[in-house]
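The primary structure of each chain is shown beneath.
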Amino acid sequence: MGGVGCGRGWMSNSAFLQAAASGSSVRVWPEGSSEALQDCFSTTDWNMFREAATHNNSKDIQEYTETVSAYITKCTDDVTDLKTVTVRANQKPWLTGEVHKLLKARNAAFRTGDQAGLRSARANLSRGIRKAKRLYSKKISQHFSDSRDTQNLWQGIQSITGMCYNAINPQGCVLSPLLFTLLTHDCTPAHTSNLFVKFADDTTVVGLISNNDESHYRSEVSRLASWCKHNNLSLNTEKTKEIVVDFRRTHTLHTPLFINGTAVERVSSTKFLGVHVTEDLSWSTNSASLARKANQRLYFLRKLKRAGAPTPIMTTFYRGAIESILTSCFTVWYGACTASCRRTLQRIVRAAEKIVGTSLPSLQDLYSSRLTRKALRLAGDPSHPLHSFFILLPSGRRLRSLGARTSRLRDSPIHQAVRMLNSLPALPPIPILPQHTLTQHPDPPTNKVLKLCTTMHKVLVPSKRTCTTQHLHY
């Protein structure tokens, strides 16, 4: 009936109204429900829940929490009404209450046969639909204004697809890393061959093993376990892993590492600050992990394409959700990964280009620009530990090249950074350090092994905190 004499636009709306509908239940707060809930809470004896959860002078926190939560839910259900909302599979997201009112006004004018009223209702409906679409487009575009705000990007994807993602919910407190850094400030190495590196709630112990003498390293691990015990931290040895990276021609049998009488499990690869590190220092595992994760994100980019998102919005989502994955710790591993891994990652960029419909920067270009920017920052910061690698020649136009006997060292980030700066047409001004601070960095001796121990702490309760450790041996 509604489709007769109403044009193609109304036929599509008719199809929309005839689509299969499903019901969704929502809680509605009627007038006066908030006051009723407050009265219910004010007259409640909350001590009875604590007494019911106390057994033999010991309070069961789980039972206490469940009973209080169940009571609050019951009180909320008593003062609210359950309403069923009809939802159709092909319901347009821009259809608002105002548009529905205009649709009803148009249908009423059609049924009465008022031609003038029908023309006016149709015009009002067209203007209302255009306004609703414009407001919805503006609302979606606000989620994709900054590629660095990943939480806002995922909220935009949720608005378009109607799917929920746990990634958009921030976890923890912003003060937690700072407070934990203050807590572990006095956790320092006792030997010069060892080094502690702390990042947020991760602590890394680096030990240089010379002539198979691991006494300093093992004593450092024992000191770490003792320090944790004195500071109400317990080491979880079940989650502790050990990886040995040894490039000597004659391999020796490494004695297992024990923490509090428990042997540490030895693995061939581990994940350190989001980067997969293997015992042969190859980056195939890391590249495969990033490629798998980036391919999963391409699904959401295709959803944006099907939703008719413009190219700038899809480009912003690509940069914030896919390119950020491919370039995670980019300057550390990309220069040393194989050509096959680079091609695998670049194929993801080309697939994204086909979806977005515009050219995107290649990974090699991103790597060159970021490595140059990082090298300039290191070369211009005399307080940085790596600043002494960037030594100017007497001419002042180039940096002193770093020697390397192996391709592994030649492809390291510092060596590639020095070569990158030397390849620039003009070297930016770099402060010259005093002569006594300039140090040479030869190749690592072949009779030494670098061992790295990463400790990840996790605070569970104020009275007893638990930390998880990882031990990586180089």
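Note that this is a predicted model, so its numbers are computed, not measured. (Residues numbered from 1 in each chain as written. Predicted model: local features only at pLDDT ≥ 70, side-chain atom pairs only at ≥ 80, totals over all residues. Heavy atoms only, no water.)

What to know about the overall build of the protein
In step 1: Helix and strand counts for the protein come out as 16 helices and 15 strands.
In step 2: Every one of the 474 residues in the protein was classed for burial, and the buried ones make up 35%.
In step 3: Taking the contacts inside the protein whose residues are at least 6 apart along the sequence as the reference set, 64% of them involve residues at least 24 apart.
In step 4: When the accessible area of the protein is evaluated, it comes to approximately 28400 Å², of which 54% is carbon and sulfur surface. (Helix = DSSP H or I, 4+ residues; strand = E, 2+ residues; numbered from the N terminus. Buried < 20%, exposed > 50% of the residue type's maximum accessible area, 1.4 Å probe, protein only. Contact = heavy atoms within 4.5 Å. Areas by Shrake-Rupley, 256 points an atom, 1.4 Å probe, with all protein chains shown as cover.)

Examining the nonpolar core
One recurring pattern in soluble globular proteins is that nonpolar side chains are buried together.
In step 1: By size, the foremost hydrophobic cluster in this structure holds 60 residues, and its most contacted members are Leu301, Phe317 and Phe390.
In step 2: A per-element tally of this core places helix α11 (residues 311–326) first, with eight residues.
In step 3: Of the residues that make up this core, three or more belong to each of domain 2 (97–161) and domain 3 (191–432 + 464–473).
In step 4: Among all residues touching Leu301, those that are not within four sequence positions of it are Met314, Phe317, Ile322, Ala352, Ile355 and Val356.
In step 5: Among the nonpolar cores identified, the runner-up in size contains 15 residues, and Cys228, Leu233, Ile259 and Val264 belong to it. (Core = buried A, V, L, I, M, F, W, Y, C linked by side-chain atoms within 4.5 Å. Domains from an automatic or database assignment.)

Points about the packing of aromatic side chains
In step 1: Per the stated rule, a full pass over the model turns up ten aromatic pairs.
In step 2: A centroid spacing of 5.8 Å and a plane angle of 40 degrees characterise the contact between Trp46 and Phe49, whose relative ring orientation is tilted.
In step 3: Residue classification places Trp46 among the partly exposed residues on the basis of a relative accessible area of 30%.
In step 4: For Phe49, a relative accessible area of 11% puts it in the buried group.
In step 5: Ring geometry for Trp333 against Tyr334: centres 5.9 Å apart, planes inclined by 70 degrees, an arrangement best described as edge-to-face. (Phe/Tyr/Trp six-rings, centres within 6.5 Å; stacked < 30°, edge-to-face > 60°.)

Observations regarding helix α16 (residues 413–422)
In step 1: Across the ten residues of α16, eight count as buried, placing the element largely inside the fold.
In step 2: Those residues of α16 that are buried are in contact with α14 (363–379) and α15 (407–410).

Some details on the pattern of salt bridges
In step 1: Enumeration according to the criterion identifies six salt bridges in this entry.
In step 2: Between Arg218 and Glu214 there is a salt bridge, with its nearest N and O atoms 2.9 Å apart.
In step 3: Judged by relative accessible area, Glu214 falls into the buried class, the value being 15%.
In step 4: Taken together, the shared-partner salt bridges in this structure form one network comprising Arg319, Glu323 and Arg370. (Salt bridge = Lys/Arg side-chain N within 4 Å of Asp/Glu carboxyl O.)

Overview of a nonpolar patch on the surface
In step 1: Together, Val26, Val28 and Val85 line one region of the surface with nonpolar side chains, adding up to about 170 Å² of accessible area.
In step 2: With respect to the helices and strands, Val85 occurs in strand β4 (residues 81–88). (Patch = residues over 30% accessible without salt bridge, like charges linked within 9 Å, V, L, I, M, F, W, Y side chains within 5 Å.)

Topic: the confidence of the model for the protein
In step 1: For the protein, the average pLDDT comes to 77, and 79% of its residues sit at 70 or higher.
In step 2: Of all secondary-structure elements in the protein, the lowest mean pLDDT belongs to strand β15 (residues 465–473), at 35, while helix α13 (residues 339–356) reaches the highest, 93.
In step 3: In this model, residues 167–171 is a region of pLDDT below 50 whose contacts with residues beyond four sequence positions or in other chains number six contacts.
In step 4: Counting interchain partners and residues more than four positions distant, the pLDDT-below-50 stretch residues 456–474 has 93 contacts. (pLDDT = per-residue confidence, 0-100.)

Quick word on the pairing of strand β12 (residues 269–272)
In step 1: Side chains Thr270 and Phe272 project from β12 onto a buried face, and the interleaved Ser269 and Lys271 project onto a face without burial.
In step 2: Counting the residues that bridge the hairpin from β12 to strand β13 (residues 275–278) gives two residues, and of these Leu273 lies at a positive phi of roughly 55 degrees. (Pairing = 2+ DSSP bridges.)

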